[in-house]
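Chain and residue survey
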Amino acid sequence: MSPPDIPSAPEELEALAGEYVLGTLDARLAEAVRAALPANAPLREAVAAWERRLDPLTRLAPPADPPAGAWEAILARIAPAPAPVASPARRRAAGWQHLFGAGLAGAVVAGLAVFLAVRPAGPPPERYVAVMQSDRAAPAWVVEADRESGIRLAAVNRQAVPEGRVMQLWGLAPGDRGPTSLGFVPADGSRFSFDARARPPVDGMLVEISLEPPGGSPIGRPTGPVVFIGRLERVAR
Amino acid sequence: MQAEEAELSAWISQAGGGDQGALRRIYVAESARLFGIALKILRERAAAQDVLQDAFVAVWQRARQFDPARGSARIWLAAIVRHRALDVARSRGRETLSDDPGLGDEVVTDDPVERIAAAADGARLHGCLKGLEEKNRRSIVLAFVDGMSHAQVAEKLDVPLGTVKAWIRRGLLSLRSCMEGTA
């Protein structure tokens, strides 16, 4: 049974669903539609169809980087009660974002150039590069990868690892069911190589670093916050 | 960093299984687009940030309900953000006339609908929007993109409230028959 606000005539139902998605219903009617959705299949279908039809209009809102701290606020709301080391880790992760200045883009490009210059001679395998970021605007690692020599990381601005945590590197290629561990990033140093036979690099693969307890994640996928993330892209020959 | 539809779907399902890393990937790939949608509606960064945060908590809680067979992940995410932003706009008393003379000014200087024509998924909507009368088209864009109420659109276009309600309703129904007709 529909509440009196929800019409059953098809054209009325279409118009109501359209205005719900458009956003022009007042608060009371919008809430009535939302409340009716779970039990009213025709209304649900009509709303879903309108979301699909009008979706291209979302492109008219220019993308904008959310304020620093938004992710940490989300994490604080979804995370279970923090483990003893979790809160320093989170604080440190937030601190990293402040430490990376806006002028870092030039440094990243310079780092990438130096990094690429040291590749060995010979017939090159497909090569991939990525910049891993702690936030959209905070580059932290330059990554270079190929199937033969694995994955190499160079720190752009190395920060200390939170006490009691290790940094674990993961690879997640499109179509993978979950991330594959590629090893641990040592606490000191700025350049590292990883044997990537467990998950050979491919175009579009995500590389991530999460903070884990000593010895690494016990469950084969990240358990702590993912503090750095980037996506490998093929280098044109 | 952008993500393919299939990746986003997979991450949502992983988030539904309790994988925070998957939620992080969704955030990295989609937060700028989603924050932009909320900011356009609310025009205030702090309010848009609250909406983005609420939306990601909702994504985390409802990820198990997402069914890729029934719809796109990008659309699902955008709908969560838009409806949350619209709720906030309503709670701010959107239904009363605005005293903000600059409300939505930037959207009437050109025809923003042209900007969706290039995208493959925007071509059909673009063609059908172009088939509407200009006032109907503008009303729909101001409502969807800028989150304006009937009253705000009426004020913006300087026409009676009842006229705007009729334009929008007629515009939506024409849009629907146009888009279904060219399927």
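See the structure shown above.
In this report, the structure presented in the accompanying data block is examined. (Residues numbered from 1 in each chain as written. Chains lettered and ligands numbered in written order. Predicted model: local features only at pLDDT ≥ 70, side-chain atom pairs only at ≥ 80, totals over all residues.)

Counting its secondary structure elements, chain A contains 6 helices and 9 strands. Across the 237 residues of chain A, 37% fall into the buried class. Contacts spanning at least 24 positions in sequence make up 65% of the contacts within chain A whose residues lie at least 6 apart. (Helix = DSSP H or I, 4+ residues; strand = E, 2+ residues; numbered from the N terminus. Buried ≥ 20, exposed ≤ 12 C-beta atoms within 10 Å, placed from the backbone. Contact = placed C-beta atoms within 7 Å.)

Counting 106 residues, the largest nonpolar core has Met 132 and Val 143 of chain A together with Ile 26, Ala 38, Leu 52 and Val 81 of chain B as its most contacted members. For this core, the element with the highest residue contribution is helix α2 (residues 20–42) of chain B, accounting for 13 residues. Excluding its chain neighbours within four sequence positions, the residues that come into contact with Val 81 of chain B are Leu 34, Ile 37, Ala 38, Val 51, Leu 52 and Ala 55 of chain B. (Core = buried A, V, L, I, M, F, W, Y, C linked by C-beta atoms within 7 Å.)

In this section: the environment of Val 235 of chain A. All names here are of chain A. Tracing the chain through its elements places Val 235 in the segment after β9 (233–234). For the pair formed by Val 235 and Gly 69, sequence separation is 166 residues and the distance between their alpha carbons is 33 Å. Here Val 235 is in contact with Arg 127, Tyr 128 and Val 129, once residues within four sequence places are set aside.

Moving on: the pairing of strand β8 (residues 226–231) of chain A. Residues and elements named next belong to chain A. Along β8, 6 of the 6 residues are buried, which leaves the element largely enclosed by surrounding structure. Inspection of the sheet shows strand β7 (residues 206–212) paired to β8 by 5 bridges, in the antiparallel sense. By the bridge assignment, Leu 206 is partnered in β8 with Arg 231. (Pairing = 2+ DSSP bridges.)

Okay, the interface of chain A and chain B next. A common way to report how large an interface is uses the accessible area buried once the components associate. Taken together, the contact between chain A and chain B spans 46 residues of the former and 57 residues of the latter. For the side of chain A that touches chain B, the elements supplying multiple residues, two or more each, are α1 (10–22), α2 (27–36), α3 (41–54), α4 (70–78), β7 and β8 of chain A. A per-element tally of the side of chain A that touches chain B places α4 of chain A first, with 6 residues. Class assignment of the residues belonging to the side of chain A that touches chain B gives a composition of 26 nonpolar, 6 polar and 14 charged. (Nonpolar A, V, L, I, M, F, W, Y, C, P; charged D, E, K, R; others polar.)

On to the environment of Met 1 of chain B, then. Here Met 1 of chain B lies in the segment before α1 (5–16). In this structure the C-alpha to C-alpha distance between Met 1 of chain B and Tyr 27 of chain B, which are 26 residues apart in sequence, comes to 10.0 Å. Residues within four places of Met 1 of chain B in sequence aside, it is in contact with Arg 231 of chain A together with Val 28 and Ala 29 of chain B.

In this model helix α4 (residues 73–91) of chain B runs 27 Å from its N-terminal to its C-terminal C-alpha over 19 residues, within 8% of the 27 Å that 1.5 Å per residue would give. Directly beyond the C-terminal end of α4 of chain B, a positive phi value near 85° is found at Gly 93 of chain B. (Expected span 1.5 Å × (residues − 1).)

Another point: the packing of helix α3 (residues 45–62) of chain B against α4 of chain B. Residue and element names in this part refer to chain B. One can describe the packing of α3 onto α4 by two numbers: an axis separation of 9 Å at closest approach and a directional angle of 135°. Considered as vectors, α3 and α4 are oriented oblique to each other. Once α3 is placed against α4, the crossing between them reads as right-handed. Along its contact with α3, which presents Ala 47, Val 51, Leu 52, Asp 54, Ala 55, Ala 58 and Val 59, the element α4 presents Leu 77, Ile 80, Val 81, Arg 84, Ala 85 and Val 88. The class makeup of the residues in the contact of α3 with α4 is 11 nonpolar, no polar and 2 charged. (Axes fitted to C-alpha atoms, helices over the stretch in contact; angles between N-to-C directions. Parallel < 35°, antiparallel > 145°, perpendicular 65-115°, else oblique. Left-handed = near helix turned anticlockwise from the far one by under 90°.)

On to α3 of chain A. Spanning 14 residues, α3 of chain A covers 20 Å between terminal C-alpha atoms, matching the ideal 20 Å at 1.5 Å per step. Buried positions along α3 of chain A lie against α1 and α2 of chain A together with α4, α5 (123–130), α6 (134–146) and α8 (161–181) of chain B.

This next bit is on the environment of Gly 21 of chain B. Structurally, Gly 21 of chain B can be placed in helix α2. Residue Gly 21 of chain B is classed as buried on the basis of its 25 C-beta neighbours within 10 Å. Beyond its immediate sequence surroundings of up to four residues, Gly 21 of chain B is in contact with Pro 179, Glu 208, Ser 210, Arg 221, Pro 222 and Val 226 of chain A.

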